[in-house]
Amino acid sequence: MMSTDLRSAMGEFKVHRVRFFDYMPSGIRALAFNQDTERMAVARMDGSVEVFHCSDRFFQEKIIPGREQFGIEGLSWVGERLFSAGLNGGITEYDLTNQKVKYTIDAYGGPIWTIAGNQQGTHLAVGCEDGTVKLFEVNEDNIQFERNLDRQKSRIVSLSWHPSGSKIAAGMMDMIQVFNVETGHSMHRMLADRGVGTSRSKECVVWSVVYLSDGTIITGDSVGMVKLWDDQTGTLIKSHNVTKCDVLALSVSQNEDSLVAGTSEGIVVQFQFVSMVLGKDDKEWVRTRTFRNHTHDIRAVAEITTAVVSGGMDAQLVVRPLLDKIEERSAASALRKIHFPHRRLVACARKSGLMLFQYPGHLELWRLGESEGKGIPGSSLFVKRNPEKLLHLKVKGEDHIRCSAVSPCGEWIVYSTASTLRLYRLHCDNNNISITKISKLPKVLSSANQLCFSSDSSHLFSASAQSSVHLVSISQSGCKFVGTLKPKSGSHQAIHLLAASEDGKWVASANSDHEVHIYNLQTRKAHCTVPIYSSAVTAMGIHPATNCLFMMHADQQMFEYSIEQKQYTDWSRTVQRKGLHRLWVERDTPCLNVMFNPQNPSHVILHDMYMLCIIDQSLPLPDDKTQFYNQLTLKSLTEEQRKSHSHAFKVCKTFKDILCVELMPDQSLVVVERPLEDIATQLPAPIKQKKFAT
Amino acid sequence: MWLGFGFNLIKIFYVSADVLRVLSATDSEPVVLFCCGAVRFLDSLLASPQQPIEDVLTEDEIIRWSTIIKAEHQLVILFSTEQRGEHCLYVQRFNPNTLMKHRFETEPGFSAPINFSATCRGSNIHLLYLYLNGSVYESVLPFRSSSTGAEVVQALSRSLCLSLPLGEEKLMSGAAVVLDEAHVAVVGFPHPSAGACKDYLCIWNTHFQTLQACKEMAGRIYSQLWCYSGKLYVPHGKMLSVIPFDCQKSSLAAAMGKQKCALVLSFVTYDVFFLLFLQNIKSALTVDQLIQHIKTSAVEDVQAEVGEFIRRTPQADLQLAAGRVALELVSRSQTDANFYPQCAFLLLLETRYLCYSVCPELLSLAMVKKDFHLCQIAFQIFSDIPEAVTCACLKTILSTPDLEMETVNLDTDSVIFMKELTRAQSRSDEEGGQLNGFCPPALESDVSDTPSNKLQRDPLALDTSCPVGLHKGALLNEVLQTAYSDRSLLPHLKDLTVPQVIVFLQYLRFLYFKYSHDAHKQIRALRTPSISQIIDWVCLLLDAHFTVLAVAPEAKRLVFDLHKFVRSQVKLYAELGKIEGSLQVLKNSKQSEDFGMYAIHVIELF
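Just so it is clear, the model here is predicted, and its values are computed rather than measured.

With that settled, consider the overall build of chain B. Within chain B one finds 16 helices and 21 strands. Counting the 606 residues in chain B, one finds 45% classified as buried. Here the contacts in chain B between residues at least 6 apart in sequence split such that 59% fall between residues at least 24 apart. Carbon together with sulfur atoms contributes 55% to the accessible area of chain B, which is approximately 31500 Å² in total.

Rendered as structure tokens:
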């Protein structure tokens, strides 16, 4: 299909604009913030758990894929360990190093609605459908059931430990119970009022509860109230009517001076503990701010040091900075909305014009369309042949896909779940497509964190436990284990990026401890390690001509490292010395792919969610006085004038909501877009929608 | 004689003749004028106090007026004398010292100029003098004398530059001051159109013999007037008004009032602050004292005291006190028919601390007294006038004859707006009402309405003369801008009589047509009713009186016109909607973002 109409002008590209990847992000169900490590754990409706690094531009560090019928209802950190519980009745601990489930144990209390760990890190409490609060002791490598607290008549919907660890408040249907952990007996029972009118007959669900160290218990319920109770007397101190529908989530700040409540109207309401009279100590909880960033129900909120994080059915993670807690304006002080995963979900077989789309439960293989004739920039070409879906590959088993890859020649497809790895060979004669599963894979290929083919499609790289990379040769005759590439030292964190060189000599891996190891494929030994940078690697690629490794980081910095000389290149040093343009550094989505143009060795092609950028390393770098987004200006100038106005960053903002950009050998670009409007139209209708005059 | 700035340096000099005045101009040596007409520099006189002073004037010649003028580092002293009914002007120049004597030509019956004003323009001194018969003459004297010692006393050549109108009353005094080459401020002479007993400050344009601006001054004017560095000082009643003024380049258009904002004086925007100089108040009164005074004192005293009170009381206290004072003033005014301190009310309103609720009776009092000026200010300042009161005021305004209304002193800005609004119409009529050859399409596609009427009437070009007088219009504009709620206003609107409704509707229609022609956009005014306010009032009026209007024969034409006009507007908007739609389509087709699931584009990066 490769039409060979190479463009004479070096900046002109034919673009395959693809919008048929129906990626649907899953709704957010729970959030848990770890103050010590500054990590935000996010549980989604499909059972996946993600870990974001709050102080590294909210980079999605870890992704633990979910599985069918594995609904998570609650998340809790205990120290650096992460636990979840769900309606299947089990409590799960995660192996965050290898990004998989460590174990799941049944609590034997029916569906679990909530999970909470105490601050001391000794116990977990879960609230069950059968009305029990179950305490689990946290041991070194597992958890053990200890005892039940007094059983109640209705299900336990929400739980909160008193910071001392001696009391637990539990939200239920129509009431709140306060338990003494020592005795297991209920100390107080507080009744939550039902709504008035027709909702009188409906139970009041206490969706969320927060226990403060001064003994105040704060609850959010289905009547739309945020209520403050005194645990000494068991009486209501104050109630705030926040909404006409449900208050689904509450979160209090570390120093207990601010509280946020998420509602099913999609608004977040902030309360602050402030003194009513200036200079006096009589403090009260006062409703202060309202944030409207969601279209659907907010299922989880978390107040971190400088921001309010919220997530819900509209599947976006919203980080709303609290400007009073931010000292200077920076990238951290801007509103951040995370729509797409910080991983590539699209793989391209460059030499055969195929695209592999990774959905949670299946893979789709598409062939790109073909155009006819030429067009001037800005025009669209006649599509001679439409793109074609070649394959729909369903995953065996309940686990969701963790990673997948298609070989450059288009002959091999591989994917891995948490439990299995499968390799398929694609047969393509004219219109007949068939695949065969390769059986008898080497044992090391039982599961992979990341997969990558060599550029000649003869080898498969599989990132495995302890930051190692298995090397497997693949051919028509079968699949043979060749060796394991292990780092000389360093952490055992899972690898999330792999990059192989065009000449087959080198492969680079990046893990979530920001380590980048480079291996020599001829000796199968570690060649060197790139100096560790403070921010995570979001994308990398090895230059086909110079064998320099080009790395993009979450803080938008870029480095070019010469593999052969084991040092940063002069260009990279120049970039670091001069600094990047302010507008470049302030972008809020990470670059997800690094590509090179064989026709123009000085060009590096990058993309993030909102733009496509060609960095011309032969041009001067822009300084802060230069107009950064200068494409429109350059367009209006003559060829001669352009030379003096050009700088290294050629940013194209024609496309938006980009999931993937790939450069094909015929110099055409594939841009896979997933318009957010399309996602919005496919979301379920909000439970409560603000209608005019209601 | 004080010398220096200290009080400790006191020295008494005895000179050998009677001193009349010490004259001094800025940045120059003071000059001593003796009763005998001789002139000495102060320094030289102090150096030898006992030097002989010559007699310039004859024995029974008395100096009536004197001044000093300085220009080009040259001092000139002018003084006029009287001797047995003959009046002369002496011009004393220095370096070389020359003294010229001129004789004033006598007016039959009015022998003496009553007031002088000298200014220096170019290399000449312009002397303006006023006779009691209203003639203002100007004489031009050269700065440097060319003739040396011509002994013959010549008559002073003069030109009549203004003839002031005289009222019926016999005038005793008056004063005129030159403001610039074209403008003269006059007090003591009656306003040409106002009643005789009013005291006005008038600004006349001598080029075009027109009255440029005027201001009524409360109380008697003492025929004294000073002009100093851009401000006029007018003592009147028990006050001294300081009026900043600004003379603009005079043109015929401005003089005839054709050109907007070329008025010489605009009193509205200037602060007029009142200095109490006649009454020596030692300290500010407290509120309670003031209220006691209000109960008993005369109007003038009360006004002065209120002014002083407002000036001296701190803002925070004033906020509390203003309401009490106003209440007390209103209650006395209600019981005492002769007591109506308008000035005090205006001053209190100006503090902006009054609102309707604080002193509800004020507005009705003003209505009873037909004090429309106060009403207007109250409408502008009060934001909480109840709909019932608004309607009552509206009724009073509508029922007051235009003639009576025109004599009322109103906020100039609003009157200017009305003037411009009515003028805009006549102007556009002169231009033929068409721009760029635009011919409003004969809209009658529905010819059935007027089948026999060959001359198609364009509703956009209706006869739109203002149905009410300017002042009434200005007041109605204030009513239109008040806050109200439909539901409470509607029942009170029903109180209006049919003729009142018709007049008001006609006026609203006039406004609406004007606005539709964009006439108001060329007029710069501080407060103008908005088009939506006008439409709301039209709707409310029609709502309230629809049945009556439908049957009243005299309202038929009006309702019909309104209907037609609205229909044409609806048609226009329908057409605009179509245009908007097609433009939107154009915009969308240009974007052509929606390419479906797949497209192959060509992009270029530079």
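Structure's up, so let's keep going.
Our focus in this paragraph is the pairing of strand β13 (residues 143-148) of chain A. All names here are of chain A. Bridge analysis of strand β12 (residues 133-138) against β13 gives five bridges, and the strand direction is antiparallel. Each bridged residue has a counterpart across the sheet, and for F136 the counterpart in β13 is F145. Between β12 and β13, which pair antiparallel one after the other, the connecting turn spans four residues.

All names here are of chain A. Taken in spatial order, the four strands line up as β2-β3-β4-β5 in an open sheet, and their pairing is antiparallel. In this open sheet, the two edge strands, each paired with only one partner strand, are β2 (28-34) and β5 (59-64). For this sheet, the mean angle separating the axes of adjacent strands, direction not counted, is 20 degrees. By the bridge criterion, five bridges tie strand β3 (residues 39-44) to strand β4 (residues 49-53) in an arrangement that is antiparallel. What sits directly across from M40, in β4, is F52.

Let us now look at the nonpolar core. All names here are of chain B. Formed by 86 residues in total, the largest nonpolar core has its most connected members in L329 and L493. When residues of this core are assigned to their parent elements, the largest contribution, 11 residues, is made by helix α14 (residues 498-516). Among all residues touching L493, those that are not within four sequence positions of it are C391, L394, W537, L540, L541, A544 and H545.

Now for the pairing of strand β37 (residues 412-416) of chain A. Residue and element names in this part refer to chain A. With five of its five residues buried, β37 lies for the most part within the structure. Along β37, one buried face is formed by W412, V414 and S416 and the opposite face, lined by I413 and Y415, is buried too. As defined by bridge partners, strand β36 (residues 403-406) adjoins β37 across four bridges and the pair is classed as antiparallel. Residue pairing across strands places S404 opposite Y415, the latter belonging to β37. The turn linking β36 back onto β37 is made up of five residues, and G410 within it adopts a positive phi angle of 85 degrees. Pairing of β37 with strand β38 (residues 421-429), which is carried by five bridges, proceeds in the antiparallel orientation. Across the sheet, the residue bridging to W412 is R425, located in β38. Once β37 ends, the chain turns through four residues before running back antiparallel as β38.

All names here are of chain B. Residues of helix α7 (residues 361-368) that are buried: L362, L363, L365, A366 and M367. On its buried face, α7 is in contact with α5 (315-335), α6 (342-350), α8 (372-381) and α9 (387-399). Directly after α7, the chain includes K370, whose backbone phi takes a positive value near 55 degrees.

Residue and element names in this part refer to chain B. Counting all residues, the mean pLDDT for chain B is 76, and 79% of those residues have values of 70 or more. Mean pLDDT values over the elements of chain B span from 37, in strand β20 (residues 273-276), up to 90, in α9. Scored below 50 in pLDDT, residues 250-283 shows 84 contacts in the model against residues more than four places distant or in partner chains. A low-confidence stretch, residues 428-460 (pLDDT under 50), is modelled with 23 contacts involving residues beyond four sequence positions or located in other chains. Our summary of model confidence lists the complex with pTM equal to 0.60 and ipTM equal to 0.86.

Residues and elements named next belong to chain B. Counting through the fold element by element, I221 comes out in the loop between β16 (210-216) and β17 (226-228). For I221, a relative accessible area of 5% corresponds to the buried category. Spatially, the C-alpha atoms of I221 and D199 are 6.2 Å apart, while their sequence positions differ by 22 residues. The residues contacting I221, other than those within four sequence positions of it, are V187, D199, Y200, L201, V234, P235 and H236.

At the interface, 35 residues of chain A touch 13 residues of chain B. At the boundary of chain A with chain B, total buried surface from both sides reaches about 2300 Å², with 63% on carbon and sulfur atoms. Applying the counting criterion to the chain A and chain B interface returns zero salt bridges. Between the two partners, chain A and chain B, sit 13 residue pairs in polar contact (both at pLDDT 80 or more). Residue assignment for the side of chain A that touches chain B shows that the elements contributing at least two residues are β1 (12-18), β33 (370-372), β34 (380-385), β54 (612-616), α3 (631-636) and β55 (649-652) of chain A. For the side of chain A that touches chain B, the leading source of residues is β1 of chain A, giving seven residues. Split by residue class, the side of chain A that touches chain B holds 17 nonpolar, nine polar and nine charged. For β34 of chain A and strand β21 (residues 598-604) of chain B, the ladder comprises two bridges, and the chain directions are antiparallel.

Counted at 1.5 Å a residue, the expected span for helix α4 (residues 299-312) of chain B with its 14 residues is 20 Å, and the 20 Å between its end C-alpha atoms agrees. Residues of α4 of chain B that are buried: V299, V302, Q303, A304, E305, V306, E308, F309 and I310 of chain B.

So, on to empty space enclosed by the protein. Residue and element names in this part refer to chain A. For the structure on display, the rule yields six cavities of 30 Å³ or more. In this model, the largest cavity occupies a volume close to 120 Å³. What lines the largest cavity is a set of 13 residues, and nearest its centre among them are F340, H342, T589, P590 and M609. Broken down by class, the residue content of the lining of the largest cavity amounts to seven nonpolar, three polar and three charged. For the second largest cavity, the full set of lining residues is R57, F58, F59, R336, H342, A554, Q556, D588, T589 and P590. Of the residues contributing to the lining of the second largest cavity, the split by class is four nonpolar, three polar and three charged.

Here is what the cut-offs are and how they apply
- Residues numbered from 1 in each chain as written.
- Chains lettered and ligands numbered in written order.
- Predicted model: local features only at pLDDT ≥ 70, side-chain atom pairs only at ≥ 80, totals over all residues.
- Heavy atoms only, no water.
- Helix = DSSP H or I, 4+ residues; strand = E, 2+ residues; numbered from the N terminus.
- Buried < 20%, exposed > 50% of the residue type's maximum accessible area, 1.4 Å probe, protein only.
- Contact = heavy atoms within 4.5 Å.
- Areas by Shrake-Rupley, 256 points an atom, 1.4 Å probe, with all protein chains shown as cover.
- Pairing = 2+ DSSP bridges.
- Axes fitted to C-alpha atoms, helices over the stretch in contact; angles between N-to-C directions.
- Core = buried A, V, L, I, M, F, W, Y, C linked by side-chain atoms within 4.5 Å.
- pLDDT = per-residue confidence, 0-100.
- Buried area = accessible area lost by both parts, 1.4 Å probe.
- Salt bridge = Lys/Arg side-chain N within 4 Å of Asp/Glu carboxyl O.
- Polar contact = N/O pair within 3.5 Å; in protein donor to acceptor, adjacent residues only side chain to side chain.
- Nonpolar A, V, L, I, M, F, W, Y, C, P; charged D, E, K, R; others polar.
- Expected span 1.5 Å × (residues − 1).
- 1 Å grid on protein atoms, 1.4 Å probe; cavity = no way out; pocket = protein on both sides within 12 Å on 5 of 7 lines; lining within 4 Å.
- Points joined across faces, edges and corners; volume = space filled by probe spheres on them.

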